[in-house]
Amino acid sequence: MAKARSLAKAASLSTCRSLAHVVRVRTPPSTLDLSRVGVFAHPFRAEAQRMRLGSCALRQLSTAANAREPPKGFISSAPRERSLVEELHRLEHETPWWAASLFRLVGMFTPKQRQAAAGGDLYYVCGMQSLLPEFFDPARGGLDDRYYIRFQLVVLHCWICHVRLRQEPKEHYEHLFKETMEKVWGQAEIDLAYQFNMDYLQLSKHLKEMQFTWHGTVRALDAAVVAEDAREQLHAVLQRNLYTDGEGKPLVNVESNAAWLTEYVLLQLNAQMKLSSTDALNGIGRWADLSELTTEK
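Residues numbered from 1 in each chain as written. Predicted model: local features only at pLDDT ≥ 70, side-chain atom pairs only at ≥ 80, totals over all residues. Heavy atoms only, no water.

- In the annotation of an unreviewed UniProt entry, the entry for the protein reads Ubiquinol-cytochrome c chaperone domain-containing protein, and the organism field reads Prymnesium parvum.
- Under the heading Sequence similarities (unreviewed entry), UniProt records this for the protein: "Belongs to the CBP3 family." (UniProt positions renumbered as here; feature names shortened; annotations may be inferred.)

And the structure:
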């Protein structure tokens, strides 16, 4: 009996090897159903492989972003090698065909991803411009050099760019600007947590207050730029919202500083309006030189 069982087992193994040989050798690759031999049989296995390919591609794309978005503070002043849009173009056109095909398979080159890359570039452009020392120079902008004012400068430049983007069809910039603001608020969360040692509840409270205040400021800015006396209205909005102390009380004797900032905003609004659609939708912001300002204290 034992010998019979051994012979049966050997015959079974031999049959399995023969079947495997038939599947492996005689079945044309184009008609081979891999699910029948256990490859990708699980419904989540193929998705897991897609995610691994996607994570590899996204790591390459995020290299440029990591070099210019430090964990603390708004924007690093260190130069960057290329923009996210340029990096996305490189991955699509300058990598081996098989790599570009895999990146395309995981959705890296969709219109939404292109807008997201442009949104990251726009965040960088606005953040770099907000670092100019003239904003805090008593003879020019005269702003109070503290965290919340620097934050307001970043979102003020984002608003300037958004005014230009609104001249384009909404579907062409909707995800772009959403990505920009997500980076702004995401960085604010990091700053509140690490620079000010806030816990989750404190962070959430302050972030909600910042968002509520800024949304009100945006509505006031939008109304000011379309008013008949746009310069006066814009001056009032900027002075009321940016020229305050740490307790929110208005600063005194800052009318000329607010006038300088008003002229600056109008100058940059005009500069953004001169951008081509291609530049605006690729997050390429070209700011006017400060020497063009007509108002000095």
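## With respect to the packing of aromatic side chains
Consideration 1: Throughout the structure, instances matching the rule amount to 6 aromatic pairs.
Consideration 2: Pairing Tyr-147 with Phe-196 gives two aromatic rings, centres 5.3 Å apart and planes at 70°, and the pair type is edge-to-face. Of this pair, Tyr-147 sits in helix H6 (residues 147–165) while Phe-196 sits in the loop between helix H7 (174–194) and helix H8 (200–225); the two residues are 49 residues apart in sequence, bridging distant segments of the chain.
Consideration 3: Plain terms: the ring middles of Phe-151 and Trp-185 are 5.3 Å apart, the flat faces sit at 50° to each other, and that makes the pair tilted. Highlighted residues: Phe-151 in helix H6 and Trp-185 in helix H7, separated in sequence by 34 residues.
Consideration 4: Overall, the relative accessible area of 11% leaves Trp-185 in the buried class.
Consideration 5: In textbook terms, an aromatic cluster arises when at least three aromatic residues are bridged by ring pairs, as seen for Phe-135, Trp-260 and Tyr-264. (Phe/Tyr/Trp six-rings, centres within 6.5 Å; stacked < 30°, edge-to-face > 60°. Helix = DSSP H or I, 4+ residues; strand = E, 2+ residues; numbered from the N terminus. Buried < 20%, exposed > 50% of the residue type's maximum accessible area, 1.4 Å probe, protein only.)

## Observations concerning the pattern of salt bridges
Consideration 1: Evaluated as defined, the whole model comprises 13 salt bridges.
Consideration 2: A salt bridge links Asp-145 to Arg-150; its shortest N-O distance comes to 2.9 Å.
Consideration 3: For the salt bridge of Asp-222 with Arg-166, the shortest nitrogen-to-oxygen distance reads 3.1 Å. Here Asp-222 is found in helix H8, whereas its partner Arg-166 is found in the loop between H6 and H7, with 56 residues between them in sequence.
Consideration 4: Given a relative accessible area of 24%, Asp-222 falls into the partly exposed group.
Consideration 5: According to the relative accessible area criterion, Arg-166 is partly exposed, its value standing at 33%.
Consideration 6: A cluster of three or more residues bridged by salt bridges with shared partners is formed by Glu-92, Arg-104 and Arg-114. (Salt bridge = Lys/Arg side-chain N within 4 Å of Asp/Glu carboxyl O.)

## Some remarks on the confidence of the model for the protein
Consideration 1: Residues at a pLDDT of 70 or more form 72% of the protein, whose mean pLDDT is 78.
Consideration 2: Residue range residues 7–78 is modelled with pLDDT below 50. Its contacts to residues more than four positions away, or to other chains, number 68 contacts. (pLDDT = per-residue confidence, 0-100. Contact = heavy atoms within 4.5 Å.)

## Comments concerning the nonpolar core
Consideration 1: Residues Trp-159 and Val-265 are the most contacted members of the largest nonpolar core, which totals 58 residues.
Consideration 2: Elements that contribute at least two residues to this core include exactly helix H5 (111–129), H6, H7, H8, helix H9 (230–242) and helix H10 (255–273).
Consideration 3: The element contributing the most residues to this core is H6, with 13 residues.
Consideration 4: With near-sequence residues (within four places) excluded, Val-265 lies in contact with Leu-156, Trp-159, Ile-160, Leu-234 and Leu-238.
Consideration 5: Membership of the second largest hydrophobic core comes to 8 residues, among which are Leu-84, Leu-91, Phe-103 and Ala-117. (Core = buried A, V, L, I, M, F, W, Y, C linked by side-chain atoms within 4.5 Å.)

## Let's talk about the environment of Tyr-124
Consideration 1: Relative to the helices and strands, Tyr-124 resides in helix H5.
Consideration 2: Judged by its relative accessible area of 8%, Tyr-124 falls in the buried class.
Consideration 3: Considering only alpha carbons, one finds Tyr-124 and Gly-283, 159 residues apart in sequence, at a separation of 9.0 Å.

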